2 protein chains.
Amino acid sequence: MHKFDELDMKIITELSRDGNTSVPHLSKKLGVNTSVLYSRVKRLVKKKLIKKFTIVVDESLIGIGVRATMGINRDPKLKDQIHKALLKTPEIVSISEVTGRFDILLTLRARNLEELHTVAIEKIGKIEGIQNTETFVELQKTDKDAVYTVTE
Amino acid sequence: MHKFDELDMKIITELSRDGNTSVPHLSKKLGVNTSVLYSRVKRLVKKKLIKKFTIVVDESLIGIGVRATMGINRDPKLKDQIHKALLKTPEIVSISEVTGRFDILLTLRARNLEELHTVAIEKIGKIEGIQNTETFVELQKTDKDAVYTVTE
DNA sequence: CTTGAAATGAATTGTCC
DNA sequence: GGACAATTCATTTCAAG
């Protein structure tokens, strides 16, 4: 995979930090011509290295006070219908099938611990085929800024 | 917290989906005046409900073949220095302190299983005060689009 | 306070080197 | 890939409802 070079990595690193900078501004920062940067960004979007532009929302400001990860074991025969049921649960943010002690790891958000508890017991715990759940309530989270480099 | 209304929620939902739409375009979609939308977006950024604009990168295209979650138990006395050591490990994407069976959940990325294994054993496992680790390799992940609504 | 439109300024595209 | 000119678009401002 030699499709992307160092400049591409710099572009996605910068856009990860601030996806709203204008191309002319970024071109000055990176010391490349604006025309070049326009075609690069367009290419990165076209090749899907940039999947999408988005925003990061501070959910604590709109009443989301609790985030948690939940480990789940399930009946393998009911895999698909469980996945569908999880998709329908609005408090679930992501669903990962994993190796190891659990079959699935979920990321959840809720207004408070009580609501989280209700979701865990009343909604997720009652999905047919879910054998046991274990909840890890997030106390503090640190996200790192992604820095991309050429690796191959 | 009655600071944000339905229009604000629509704005952040749309910008989550596409953080690159122009304000005039969005104003047509939402049926509100551009002037209104300009002041709204500015306010949302100022109030930090929109933490930042960013991009989503498809890491599989640049050689990141494996993602995993790792549960860790640690010596509580060495909490801070462990956190620092984890911050320095480039393969670690996020660090969450949690309740339950583990003290910390990490998100990791690596080029392949071998590299993940090396990071787990040689880097993370050798940090002083880390008592045991358990790795959950991601086989398949589903992320949901966030949809924000007024909740209070 | 809200809307819309006009004026400004900046971003984007295309062309040529 | 780089420079520039032509164009299009976003943004601010202002005036009227």
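Residues numbered from 1 in each chain as written. Chains lettered and ligands numbered in written order. Predicted model: local features only at pLDDT ≥ 70, side-chain atom pairs only at ≥ 80, totals over all residues. Heavy atoms only, no water.

**Let's talk about the packing of helix 1 (residues 6-17) of chain A against helix 3 (residues 34-46) of chain A**
Residues and elements named next belong to chain A.
Then, in step 1: Running from N to C, helix 1 and helix 3 point in directions that differ by 80°, and their axes come no closer than 11 Å. Here helix 1 lies roughly perpendicular to helix 3, going by the angle between them. Residues L7, D8, I11 and I12 of helix 1 pack against V36, L37, R40, V41, R43 and L44 of helix 3.
Then, in step 2: Looking at the contact of helix 1 with helix 3 residue by residue, the class counts come to seven nonpolar, no polar and three charged. (Axes fitted to C-alpha atoms, helices over the stretch in contact; angles between N-to-C directions. Helix = DSSP H or I, 4+ residues; strand = E, 2+ residues; numbered from the N terminus. Parallel < 35°, antiparallel > 145°, perpendicular 65-115°, else oblique. Contact = heavy atoms within 4.5 Å. Nonpolar A, V, L, I, M, F, W, Y, C, P; charged D, E, K, R; others polar.)

**With respect to the protein's contact with DNA strand C**
Then, in step 1: Taken together, S22, V23, P24, S35, Y38 and K42 of chain A together with N33, S35 and V36 of chain B form the complete shell of residues around DNA strand C.
Then, in step 2: Those atoms of DNA strand C that come within 4 Å of the protein belong to sugar or phosphate at a rate of 71%.
Then, in step 3: Within the side chain of Y38 of chain A, an N or O atom sits 2.7 Å from a phosphate oxygen of DNA strand C.
Then, in step 4: Within the side chain of N33 of chain B, one N or O atom sits 2.9 Å away from a phosphate oxygen of DNA strand C.
Then, in step 5: Of all elements in the fold, only helix 2 (23-30) and helix 3 of chain A together with helix 3 (34-46) of chain B reach the threshold of two or more residues within the surface near DNA strand C.
Then, in step 6: Of all the elements, helix 3 of chain A adds the most residues to the surface near DNA strand C, at three residues.
Then, in step 7: In terms of residue class, the surface near DNA strand C is built from four nonpolar, four polar and one charged. (Near = heavy atom within 4 Å. Polar contact = N/O pair within 3.5 Å; in protein donor to acceptor, adjacent residues only side chain to side chain.)

**What about the protein's contact with DNA strand D?**
Then, in step 1: By nearness alone, every residue bordering DNA strand D is listed as N33, S35, V36 and R40 of chain A together with S22, V23, P24, Y38 and K42 of chain B.
Then, in step 2: Here DNA strand D approaches the protein such that, of its atoms within 4 Å, sugar and phosphate make up 71%.
Then, in step 3: Here a phosphate oxygen of DNA strand D sits 2.7 Å away from a polar atom, N or O, in the side chain of N33 of chain A.
Then, in step 4: Here a base nitrogen of DNA strand D and a side-chain polar atom of S35 of chain A are 3.2 Å apart.
Then, in step 5: Going through the elements one at a time, helix 3 of chain A together with helix 2 (23-30) and helix 3 of chain B are the ones with two or more residues in the surface near DNA strand D.
Then, in step 6: Top element by residues in the surface near DNA strand D is helix 3 of chain A. It accounts for three residues.
Then, in step 7: Here the residues of the surface near DNA strand D are counted per class, giving four nonpolar, three polar and two charged.

**Topic: the UniProt feature "domain: HTH asnC-type" (unreviewed entry) in chain A**
Then, in step 1: In the numbering used here, UniProt assigns the "domain: HTH asnC-type" (unreviewed entry) feature to residues 4-65 of chain A.
Then, in step 2: End C-alpha to end C-alpha, residues 4-65 of chain A measures 40 Å, and it is 53% helix and 13% strand. (UniProt positions renumbered as here; feature names shortened; annotations may be inferred.)

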